[in-house]
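Below, each chain spelled out in residue letters.
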Amino acid sequence: MRRVALALLLLGSATDASAQSLDIGAAGTGLSFGNSQEWNGVRINWSDDGVRRVNGVNITLWRPRDNPDFMMNGVALGVVGPGVGTLRGIGIGLGGVVAERSITGAAIGGLGVVAEGEIRGLAIAGLGVVAESGLTGVNVAGLGIVSEGSVFGINAAGLGIVSEGAMRGVNFAGLGVVSEGAMRGVNFAGLGVVAEGTMTGLNVAGLGVVSEGATRGLNIAGLAVVGEGGVQGVNLAGLAVVGDSDVTGVSIAGGLIESSTTLRGIHAAGYRVRAQRIDGLAASVVMTRTQSLRGVAIGGYNEVRGLQLGLAIGVFNTADELRGVQLGLLNRAKNNPAPFEWLPLVNAHF
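Remember, it's a predicted structure, so these values are computed and weren't measured experimentally.

Chemist: Please explain the layout of surface pockets as it appears in this structure.
Modeler: Picture a little ball the size of a water molecule; that probe, rolled over the atoms, points out where space is still empty. In this model, the largest pocket occupies a volume close to 240 Å³. Lining the largest pocket are 16 residues, with Pro64, Gly81, Pro82, Gly83 and Val98 sitting closest to its centre. Elements supplying a minimum of two residues to the lining of the largest pocket: strand E7 (83-93) and strand E8 (96-109). At four residues, the largest contribution of residues to the lining of the largest pocket is made by E8. Residues belonging to the lining of the largest pocket are distributed by class as follows: seven nonpolar, six polar and three charged. Each pocket or cavity is described by its volume, and for the second largest pocket that value is around 190 Å³. Lining the second largest pocket are 13 residues; nearest its centre among them are Ser259, Arg274, Ala275, Gln276 and Gln291. Elements with a contribution of two residues or more to the lining of the second largest pocket: strand E25 (240-243), strand E27 (256-269), strand E28 (272-284) and strand E29 (287-322).

Structure (C-alpha cells):
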C-alpha cells in the first residue's frame, strides 16, 4: 500500500484539457509527459500549446501551437521544431526553431531559425536565419540571413545577407551583402556589397562595391567601386572607381577613375582619369583630364583646364596655365607667349 500511495503522489494530471500531462516528480520537478504548463527537468510532449516555462530539457514531437509567453531555459528539441516565446539555451529542430520574442544561445534548424525579436549566439539553418530586431554572433544559412535590425558577428549565406540596420563583422554571401546602415568589417559577395551608410574595412565583390556614404579601406570589385560620399584607401576595380566626393589613396581600374571633386594619391586607369582637381600621380593609357593638377599626370592626352603645377607626360599635353614641365610629342601652354605656346617634345613655364 505504501508503494501504491507514493506512486499516486508522484503521478499528477492537469485539470485543463490543454494542459493534460503525466508528471513523475514533485513540486513541478522531474519527468513530465504531456502539455504541462510549467516544468523543471525533462519534459516530453506531442505538441506544445500555451506553455509558460520549462527549465531543463523539452522535447516536442509535433508542430507547436500558440506559445507567446513560453520561457525556455535549457535544451529544446523538436522533430518539427521548437516553438517558444523566448529561448535561452539550445534549440534544435528538423524543421526549424521559432521564437516569438528572442533567442539567446544556439539554434539549429533544418529549414529555418526565426525570431520576432533578437537572435544572439549561434544560428544555423538549411534555408534562412531571420530576426526582426537584430543578429549578434555566428549565423550560417543555405539561402539567406535577414535582419530588420543590426547584424554583428560572422555571417555566411548561400545567396544573400541583408540588414536594415548597421552591419559589423565578417560577412560572406554567394550573391550579395546589403546593409541599410553603416558597414564595417570584412565582406565578400559573389555579386555585390552594398551599404546605404558608410563602408569601412575589406570589401570584395564579383561585380560591385557600392556605398551611399564614404567607402574606406581595401575595396576590390570585378566591375566597379562606387562611393557617393567619397572613396578612401586602396581600390581595385575591373572597370571603374568612382566617387561623388574625394577619392583618396591608391586606385587602379581597368577603365576609368573619376571624382566629382578631388583625386589625391596614386591613381592609374586603363582608359581615363578625371577629376576637378588632381593632387598626386594620375596615370592613364588614353586620357587624364582635370581643372587643376598638382603633381604628375601621365597619359596619351593630358588636359588641364586651369593651373598645372608639376609634370605632364603624354603624346599631347595642354594646360591653360602652366607652372611646371610638359613632355610629349606636342605640348601647349596657353600662358606662354608666341611662339612658345606650342612646342614639340618639351614645354615649360616657371
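We are not done yet, so read on.
Chemist: Is there a simple way to explain the packing of aromatic side chains in this structure?
Modeler: A complete count under the given rule lists four aromatic pairs for this structure. Both rings, one in Trp46 and one in Trp62, keep their centres 6.1 Å apart while their planes meet at 15 degrees; by these two values the pair is stacked. Here Trp46, found in the loop between strand E4 (38-45) and strand E5 (53-60), pairs with Trp62, found in the loop between E5 and strand E6 (71-78); they are 16 residues apart in sequence, far enough to count as distant. With 5.1 Å between their ring centres and 10 degrees between their planes, Phe172 and Phe188 make a pair best called stacked. With Phe172 in strand E16 (residues 167-173) and Phe188 in strand E18 (residues 183-189), this residue pair connects regions lying 16 residues apart in the sequence. Residue classification places Phe188 among the partly exposed positions, given a relative accessible area of 28%. Ring pairs connect the aromatic residues Tyr301, Phe316 and Trp342, which therefore count as one cluster.

Chemist: Where do I start with the pattern of salt bridges in this structure?
Modeler: Pairing between side chains of opposite charge can happen when the charged atoms of each approach one another. Under the definition given, this model contains 15 salt bridges. Ionic pairing is found between Asp69 and Arg101, a salt bridge with its closest N-O pair at 2.9 Å. Here Asp69, found in the loop between E5 and E6, pairs with Arg101, found in strand E8; they are 32 residues apart in sequence, far enough to count as distant. Of the charged contacts in the structure, one is a salt bridge between Arg120 and Glu118, with a shortest N-O distance of 3.2 Å. Three or more residues joined by partner-sharing salt bridges are found here, namely Asp246, Arg264, Arg277 and Asp279.

Chemist: Even after reading the chapter, I still don't get the side chain of Gln308, so can you show me in this structure?
Modeler: If you trace the backbone, Gln308 turns up in strand E29. Under the relative-accessibility criterion, Gln308 is labelled buried at 1%. A distance of 3.3 Å separates a polar atom in the side chain of Gln308 from the backbone oxygen of Gly310. Engagement of the side chain of Gln308 in a polar contact is seen with the backbone oxygen of Val325, the distance being 3.2 Å. Discounting residues that sit within four places of it in the chain, Gln308 has contacts with Leu293, Ala319, Glu321, Leu322, Arg323, Gly324, Val325 and Gln326.

Quick notes on the rules
Residues numbered from 1 in each chain as written. Predicted model: local features only at pLDDT ≥ 70, side-chain atom pairs only at ≥ 80, totals over all residues. Heavy atoms only, no water. 1 Å grid on protein atoms, 1.4 Å probe; cavity = no way out; pocket = protein on both sides within 12 Å on 5 of 7 lines; lining within 4 Å. Points joined across faces, edges and corners; volume = space filled by probe spheres on them. Helix = DSSP H or I, 4+ residues; strand = E, 2+ residues; numbered from the N terminus. Nonpolar A, V, L, I, M, F, W, Y, C, P; charged D, E, K, R; others polar. Phe/Tyr/Trp six-rings, centres within 6.5 Å; stacked < 30°, edge-to-face > 60°. Buried < 20%, exposed > 50% of the residue type's maximum accessible area, 1.4 Å probe, protein only. Salt bridge = Lys/Arg side-chain N within 4 Å of Asp/Glu carboxyl O. Polar contact = N/O pair within 3.5 Å; in protein donor to acceptor, adjacent residues only side chain to side chain. Contact = heavy atoms within 4.5 Å.

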